[in-house]
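What follows is the residue order along each chain.
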Amino acid sequence: ADMTRFLAFDLGASSGRGVVGTLEQDHLRIQELHRFPNGPVTIPGNMHWDVLRLFSEMTEALILYAQKYGKTLNGIGIDTWGVDFALLAKDGGLLGNPHHYRDPRTDGMVEKASELVDRKAIFDATGIQFMQLNTLIQVFSMVEHHSPLLDMAETLLMMPSLFQYFLTGRKVNEFTDVTTSQMYNPRTGTWAYDLLQQLHIPTDMLSAEIVTPGTIVGDLLPHLTMMTGLSKVPVIASASHDTASAVAAVPAHGEDWAYLSSGTWSLLGLEIPEPIITDDCLRYNLTNEGGVGGTYRFLKNIAGLWLVQESKRLWERESGPLSYADLAQLAQMAKPFIAVLEPNDSVFLNPPNVPQAIIQFCKDTGQQAPETRGEIVRCVLESLALKYRNVLEKMEDLRGKPVEVLHIVGGGVQNTLLCQFTANATGKQVIAGPIEATAIGNIMMQAIATGDIASIAEGRDLVKRSFDVLMYEPQDVDQWDEAYQRSRAILDKAW
Ligand code: ADP
Ligand code: LRH
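Quick notes on the rules
- Residues numbered from 1 in each chain as written.
- Chains lettered and ligands numbered in written order.
- Predicted model: local features only at pLDDT ≥ 70, side-chain atom pairs only at ≥ 80, totals over all residues.
- Near = placed C-beta within 6 Å.
- Helix = DSSP H or I, 4+ residues; strand = E, 2+ residues; numbered from the N terminus.
- Nonpolar A, V, L, I, M, F, W, Y, C, P; charged D, E, K, R; others polar.
- Axes fitted to C-alpha atoms, helices over the stretch in contact; angles between N-to-C directions.
- Parallel < 35°, antiparallel > 145°, perpendicular 65-115°, else oblique.
- Left-handed = near helix turned anticlockwise from the far one by under 90°.
- Contact = placed C-beta atoms within 7 Å.
- UniProt positions renumbered as here; feature names shortened; annotations may be inferred.
- Pairing = 2+ DSSP bridges.

## Some thoughts on the site of ligand 1
The environment of ligand 1 is formed by 17 residues, the closest being Gly-12, Ser-14, Gly-263, Thr-264 and Gly-411. It is helix 13 (residues 324-333) that contributes the most residues to the shell around ligand 1, 3 residues altogether. Partitioned by chemical class, the residues of the shell around ligand 1 number 6 nonpolar, 11 polar and no charged.

## So, the packing of helix 12 (residues 306-319) against helix 15 (residues 373-399)
If you want to describe how two helices pack, look at the angle between their axes and the distance between the axes. For the pair helix 12 and helix 15, the least separation of the axes is 10 Å and the interaxial angle reads 165 degrees. Judged by the angle between their axes, helix 12 and helix 15 are roughly antiparallel. Note on packing geometry: the crossing formed by helix 12 with helix 15 is right-handed. Along its contact with helix 12, which presents Leu-307, Val-308, Ser-311 and Trp-315, the element helix 15 presents Arg-373, Ile-376, Val-377 and Val-380.

## Things to note about the UniProt feature "domain: Carbohydrate kinase FGGY N-terminal" (unreviewed entry) in the protein chain
Look at the UniProt record and you will see "domain: Carbohydrate kinase FGGY N-terminal" (unreviewed entry) annotated at residues 7-247. Here residues 7-247 runs as 35% helix and 27% strand, with 19 Å between its end C-alpha atoms.

## Structural notes on the sheet that holds strand 14 (residues 234-237)
One open sheet holds the 6 strands; their spatial order is 3-2-1-6-14-13, and the pairing between them is mixed. At either margin of the open sheet sits one strand with a lone partner, and together these are strand 3 (27-37) and strand 13 (215-219). Put simply, the sheet's adjacent strands are angled 25 degrees from each other on average, direction ignored. Here 8 bridges tie strand 1 (residues 4-11) to strand 2 (residues 15-24), and the two strands are oriented antiparallel to one another. Pairing of Ala-8 across the sheet is with Val-19, part of strand 2. Contacts between helix 6 (residues 159-168) and the sheet are confined to strand 1, strand 6 (75-80), strand 13 and strand 14, with strand 6 contributing the most and set at about 150 degrees to the helix.

Okay, here's the thing in structure tokens:
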């Protein structure tokens, strides 16, 4: 019999990849077909994503697929980072270049928006944490800056849906990514129209249907089948928010687990049946993003390995190529617990020089500053692990039940030092893997859409059977507990 194969496009803030998933009897096999870098492009005044280049890398992956596996492909699904979006004109043309969420156009805009509608009302209408990079705040900043694009926009598409539109010509948004916008009301199951009107945000552009994860959207357009050599392929809205796909693929069972999706960001949270929209949640700036199978992702964004990525970029500019493995080794040998950072402090959102911002933060908070590269990376990793404990404690408290294990998935699984630190800081058993959980979750949701997998539970069992994980047991817990108690004041600073 023919193999059942799916292609997942997983676009993260630091790289994109096309991954082939082959369903065999009892097993899912994945193979990376194509990987390409991603990052911001800054032109006067603005910071963008290069969406046309990303799309041409995607068509390149389709060509590579046809060369390697032949013309039959059972599905294509796309997931990307959250919150960013594109605007389309009446004729379907792309209006401008989509912005990067770290673009400073949103500086001060959360405060401005909350002068019109108070934070409690915004949270009540959406259940989403406040971050200046949210779609809501980005669009609000366009309103404030009188962007002419808003007058011309007929359709707003979230980033994964833009690429899906490029593949199929069909304009639909998908639930999991829509919920990251802070423009959607999970209680009414529609865009948060009242809130948007109060912020003077035009709502006509919210015309695309919102579909649930695992919906077949349309077929690959004829010019693309011709260009690539593929036959007709269904394009499927998987869990199009990368974090939703990652959570879908966590090889967990029962309810006593938390997840950490570890990449550019650290997304730490719980899978829950209903959003938790309470005053405590608002106070701790926790969020309720839409998940698969009717669940919600109760989580917090923690500025994650972005701090290491940026340090690496700066150091490479100074003195040539460095690998993540090199940095991990330097960190391993460096002196422990020199200082602790609040990774979510706004000074780390987009500083020109992350290592310098780290040193400055330490000075400003009266701490000794790390000096060497190893010390800086170690300080970041320790701070992340301590922040994980800090956030996890709040979440366990709000849900009213402790978790037993913490599953780590994503590229950050390769940072074994961080995995061990996370076990040490939280006192939980850590189960690390799979690295490509996001692409796997994307493939899983496609297979559910085509009927090849019956349910999410069955998909998670398949992931468990198909991929190895590594276990980390807590070590040096007393020392980590002391470090935690010493750093409470700093870690509690940026809720
Ligand atoms: P995103 O999807 O947000 O672009 P990924 O899930 O691909 O991110 O994870 C990227 C991160 O994984 C990098 O920032 C880096 O810190 C970490 N990483 C990647 N490869 C390695 C490695 N070989 N050793 C340690 N860490 C790694
Ligand atoms: C991770 C992620 C995260 C969003 C951020 C913008 O890649 O999707 O869930 O908050 O990017």
